[in-house]
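# Structural features, examined
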Amino acid sequence: MKYLDDFRDPAVARRLVQEIHATARRKHTIMEVCGGQTHSLLRYGIAEELSDVVELIHGPGCPVCVTPASAIDAACQLATGDDVTIVSFGDMLRVPGSNASLLDARSSGGSVRLVYSPLDAVRIAQEQPETQVVFLAVGFETTAPATALAVLQAEQLKLTNFAVLANHVRVLPAMELLMQASDCRIEAFLAAGHVCTVTGITQYEAFVQRYRVPVVVAGFEPVDLLAGILECVRLCELQTPKLVNCYERSVETIGNRSAQDVVDEVYEVADMTWRGMAEIPAGGYRLRDRFAQFDAMKRFSVGDTAVAIDSTDCRSGDILSGRIKPPDCPAFGGRCTPESPLGAPMVSSEGACAAYYRYSRRSTAS
Amino acid sequence: MSDSPTDAAAFACPLPVASDDKITLAHGEGGWLTRRLIETVIAPRLGCTAQNDAAVVAPTTDRIVITTDSFVVSPLRFPGGDIGRLAVIGTANDLTVSGAIPRWLSLALIIEEGFPIAELECVLASIAATAREVGVEIVTGDTKIVPRGAADGLYINTTGIGVLTDVPPPGPAAIEVGDHVIVSAPLARHGFAILSARENLGFEPPLKTDCADLGPLTNSLRTHTLLGTRESPVRAMRDATRGGLTAVLHEWAAACGHSITLDESQIPIRPEVEGVSQLLGIDPLHVANEGVMVLAVASDRSQQVVDALRAVSIGHDATVVGVVKPKSIVPVSIKRLLGREQPLDEPSEAMLPRIC
């Protein structure tokens, strides 16, 4: 922890803030892709501190936020069925589907359990052979390897009562979609450090060249973020689209090969619907045919959930694509709060709306 | 097999009778099994002898302070404590922070059918040891058994009676602009210990609860004449249990009509707790404590109060963490790394670990 303290050193942070101000000759628009970064930027007051020279657009990198309502509807439906237990990460339990969340399903008698790791879901399946255990798997390239491992473990254990509702998504196709939008204002990206730890960074080379946009891989501590932003501002000022790794203590150029291999063994790339953003070509993973027996959507008959629509009051799509800031949404802080969220970005601890509600409501309340 | 009428096995009863290793519904029916449970399992471990329906206690000329609390913690045992210790400490601390000396405790047990008697004995032993440590006497009690599934193992209610031997702090309404906010120990250890044990998060070494009697802290303040008189600099004291430090400060801000600002860099949090908090995405300022006292103190004497708290082992890390300011639109705020103040909201939801 002492080590991490260096990346929260107020003196170093202040120096970086000054340097960013000195470097920027005009205001730049930078998107931080990951929700974890959004929270740090608001929690430490960095977004506010830099507001004269940098506009930070909060990207779609919150896995809970982009999981489609139909996936939650399917999970709720399964949870209230006989002998099925839905298992997922804590955040997912609160996200509203088109009618209810998994917490609601649990209060009406559904079987829903919280785990910290997908491997715990396998353990539950082992311990309760009479119960069908369905893991609602969400997350980016960071969590996909753990779910893939869980599937491999279940196969090895010959479990017949374990399945996955797979909703893993891939970051780069979403970034491409954002760059292709005609109203795109993004001048540089802060790439998500944890995703790059798994995937490596070479995949961004072609992206940088194709869209002529700098990509800087950054961590999550204040000093990490400020160093990443400074690099973005420098590259913007020099008009040099380049890929720079500012998170070398965690991210290697080739990434984590064994994690990539596990994902590749279990999943194949597929088009994926992102909540609030429509279908993204190659935007996610689906289980390979070899693992069909672990695919909950194939194993169980789940009713038609395609009609699932988000609340019409919720502008989460515009927020996830950076078109508006959370306080610009008419429902923000009034009809939509963390206690009664209309959309997922208000639920997740990494959602942009929740971050604004928590850290900078003062400016909107006054 | 004995012919004794008190031997369950001697009866040719068609109904299942009590086994000796598990609590059954029959233990709660008020018959001889109930009596045997109380006389052979509960009373001896608690050192109670009274057979009446109510306890008669020694007369006192002091004012009486009463509080009650129920304990439904899951799991029943966790690193550093168990439900029994918690049931005594939790209620005693509520009396202590009211400025009282805890004297007597009632003990009500609600036990789920099938609960192992050996485990009940462990909890009772823990209750007895903790009561001795705190200096309270368990004078009355009750036992109820509920069918399997109607409770989660064991619930405990304790009512505590204490006496006011001197002048208690005036309370949060007396908090003034400029006062300092002090915490007596590092935050969030209890809540994270319970969460890790409940969800089997497997941190190594396991996080331990901070569950501790706050009596030694108030004793030290009295010894240093900082508590118990009208001249005391202490305006209010609280134990920061559910909702953590944030919940206490929100209540105080509402009561006194001022705002309170914390300085993040001053808040004592152990590195392992900080690590878990980041891993799970849960703010340690929202997490429960069972051995942390929060005080609002006149600023000119706050250093004396900190020194008196630090003189006790559970108060070694006592420190000033905040200051009371004139009312603003934000009742409680926190000064972050770069010096910006941000609102600190009240916790409103169950603690759910985040995904990554």
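First, a word on scope: everything that follows refers to the structure included in this document. Please read these numbers as outputs of a predicted model, since none were measured by experiment. (Residues numbered from 1 in each chain as written. Chains lettered and ligands numbered in written order. Predicted model: local features only at pLDDT ≥ 70, side-chain atom pairs only at ≥ 80, totals over all residues. Heavy atoms only, no water.)

## Thoughts on the overall build of chain A
To be explicit about the condition: Here a helix means four or more residues in a row that DSSP labels H or I, a strand means two or more in a row labelled E, and each is numbered from the N terminus. Using C-alpha atoms as the atom set, the radius of gyration is obtained and then compared with a globule rule of 2.2 Å times the number of residues to the power 0.38. For every residue, the accessible area obtained with a 1.4 Å probe (protein chains only) is divided by the maximum for its type, and the residue is called buried under 20%, exposed over 50%, and partly exposed between those limits. Working rule for contacts: check all heavy atoms of both residues, and any pair within 4.5 Å makes them a contact. With residues, only the protein chains shown are counted as cover, and all accessible areas are computed by Shrake-Rupley using a 1.4 Å probe. Positive charges come from Lys and Arg alone, negative charges from Asp and Glu alone, with His and the N- and C-terminal ends not counted. A charged residue contributes its charge at one atom only: NZ of Lys, CZ of Arg, CG of Asp or CD of Glu.
Of regular secondary structure, chain A possesses 18 helices and 11 strands. The C-alpha atoms of chain A give 21 Å as radius of gyration, which agrees with the globular expectation for 366 residues (21 Å, within 12%). When the backbone C-alpha atoms are referred to their principal axes, chain A occupies close to 65 × 45 × 45 Å. The burial tally for chain A puts 60% of its 366 residues in the buried class. Relative to all contacts within chain A whose residues are 6 or more apart in sequence, the contacts with residues 24 or more apart total 79%. With the model as given, the accessible surface of chain A reaches about 14500 Å², and the carbon-plus-sulfur share is 48%. If the 34 positive side-chain charges of chain A are averaged to one point and the 44 negative ones to another, these points end up 4 Å apart.

## Examining the interface of chain A and chain B
Which entries qualify depends on this criterion: The term buried area means the drop in 1.4 Å probe accessible area that two parts suffer when joined, counted for both and summed. Criterion for a salt bridge: a side-chain nitrogen of Lys or Arg within 4 Å of a carboxyl oxygen of Asp or Glu. Definition of a polar contact: a pair of N or O atoms within 3.5 Å, with one able to donate and the other able to accept a hydrogen when the atoms are protein atoms, and with sequence-neighbouring residues admitted only if both atoms are side-chain atoms. Gly falls in the polar group here, along with every residue not listed as nonpolar (Ala, Val, Leu, Ile, Met, Phe, Trp, Tyr, Cys, Pro) or charged (Asp, Glu, Lys, Arg).
Residue-level contacts link 41 residues of chain A with 30 residues of chain B. When chain A packs against chain B, the two sides together hide about 3300 Å² of surface, and 55% of this comes from carbon and sulfur. Counting the contacts that link chain A with chain B gives 5 salt bridges. Arg340(B) is the partner of Glu48(A) in a salt bridge, and the nearest nitrogen-oxygen pair spans 3.4 Å. The tally of links between chain A and chain B comes to 9 residue pairs in polar contact (both at pLDDT 80 or more). Elements with a minimum of two residues in the side of chain A that touches chain B: helix 2 (10-23), helix 3 (35-43), helix 4 (46-49), helix 5 (63-66), strand 5 (132-139), helix 17 (352-359) and helix 18 (361-365) of chain A. Considering every element that reaches the side of chain A that touches chain B, the biggest residue donor is helix 2 of chain A, with 4 residues. Along the lines of polarity and charge, the residues of the side of chain A that touches chain B split into 21 nonpolar, 6 polar and 14 charged.

## With respect to the state of the cysteines
All names here are of chain A. Here is the rule we go by: For the purposes of this analysis, a disulfide is any pair of cysteine sulfur atoms at a distance within 2.5 Å.
Using the criterion set out here, one finds 1 disulfide over all chains in the structure. Between the sulfur atoms of cysteine 62 and its disulfide partner cysteine 65 the distance amounts to 2.3 Å. Across the S-S bond of cysteine 62 and cysteine 65 the torsion is about 70°, and the bridge reads as right-handed. The exposure classification of cysteine 62 matches that of cysteine 65, with both residues buried. Cysteine cysteine 336 is unpaired, with the sulfur of cysteine 314 as its nearest cysteine sulfur at 6.1 Å.

## What about the packing of aromatic side chains?
Residue and element names in this part refer to chain A. Short version of the rule: Classification of ring pairs uses Phe, Tyr and Trp, with its six-membered ring standing for Trp, and accepts pairs whose centres are within 6.5 Å; under 30 degrees between planes counts as stacked, over 60 as edge-to-face, and the remaining range as tilted.
Tallied over the full model, the rule gives 7 aromatic pairs over all chains. A centroid spacing of 5.6 Å and a plane angle of 35° characterise the contact between tyrosine 267 and tyrosine 285, whose relative ring orientation is tilted. Of the two residues, tyrosine 267 sits in strand 10 (residues 267-274) while tyrosine 285 sits in strand 11 (residues 278-287), which places them 18 residues apart along the sequence. One exposure class covers both tyrosine 267 and tyrosine 285, and it is buried. Summarising the aromatic geometry, the rings of phenylalanine 332 and tyrosine 357 are spaced 6.3 Å apart at their centres and angled 70° between planes, so their arrangement reads as edge-to-face. Placement of phenylalanine 332 in the loop between helix 16 (316-320) and helix 17 and of tyrosine 357 in helix 17 is noted, with a sequence separation of 25 residues between them.

## Looking at the pattern of salt bridges
Per the counting criterion, the structure on display carries 35 salt bridges over all chains. Note that Glu264(B) and Arg43(A) form a salt bridge whose closest N and O atoms lie 2.8 Å from each other. Taken together, the positions of Glu264(B) in the loop between strand 9 (259-263) and helix 7 (271-280) and Arg43(A) in helix 3 put the pair across two chains. Overlapping salt bridges, with partners in common, bring together Asp264(A), Glu268(A), Arg286(A) and Arg288(A) in one network.

## What about the sheet that holds strand 6 (residues 154-164) of chain B?
Residues and elements named next belong to chain B. So the rule is basically this: Only when DSSP finds a minimum of two bridges between them are two strands counted as paired. Think of each axis as a best-fit line through the C-alpha atoms, taken over the contacting stretch in the case of a helix, with angles from 0 to 180 degrees between the N-to-C directions.
Pairing within the open sheet is mixed, and its 4 strands lie in the order 1-6-4-5. Taken across any chain shown, the strands that pair with only one partner, and hence form the sheet edges, are strand 1 (63-71) and strand 5 (137-146). When the angles between neighbouring strand axes are averaged without regard to direction, this sheet yields 15°. Relative to strand 6, strand 1 runs antiparallel, the two sharing 9 bridges. Within strand 6, the residue paired with isoleucine 64 across the bridge is valine 163.

## A few points about the sheet that holds strand 5 of chain A
Residues and elements named next belong to chain A. The parallel open sheet is built from 4 strands, whose spatial order is 4-3-5-6. With partners counted over all chains shown, the strands left at the sheet margins are strand 4 (112-114) and strand 6 (162-168), one partner each. Neighbour-to-neighbour, the strand axes of this sheet turn through a mean angle of 25°, independent of strand direction. When strand 3 (residues 84-88) meets strand 4, the two strands line up parallel, connected through 3 bridges. Among the inter-strand pairings, serine 88 is bridged to a residue of strand 4, identified as leucine 114.

## So, the pairing of strand 7 (residues 180-183) of chain B
All names here are of chain B. Pairing of strand 7 with strand 10 (residues 293-297), which is carried by 4 bridges, proceeds in the antiparallel orientation. Bridge pairing in strand 10 links valine 183 to valine 294. Here strand 7 pairs with strand 11 (residues 319-325) via 4 bridges, running antiparallel. Bridged to valine 181 within strand 11 is glycine 322.

These values are about where atoms sit, not about what they do.
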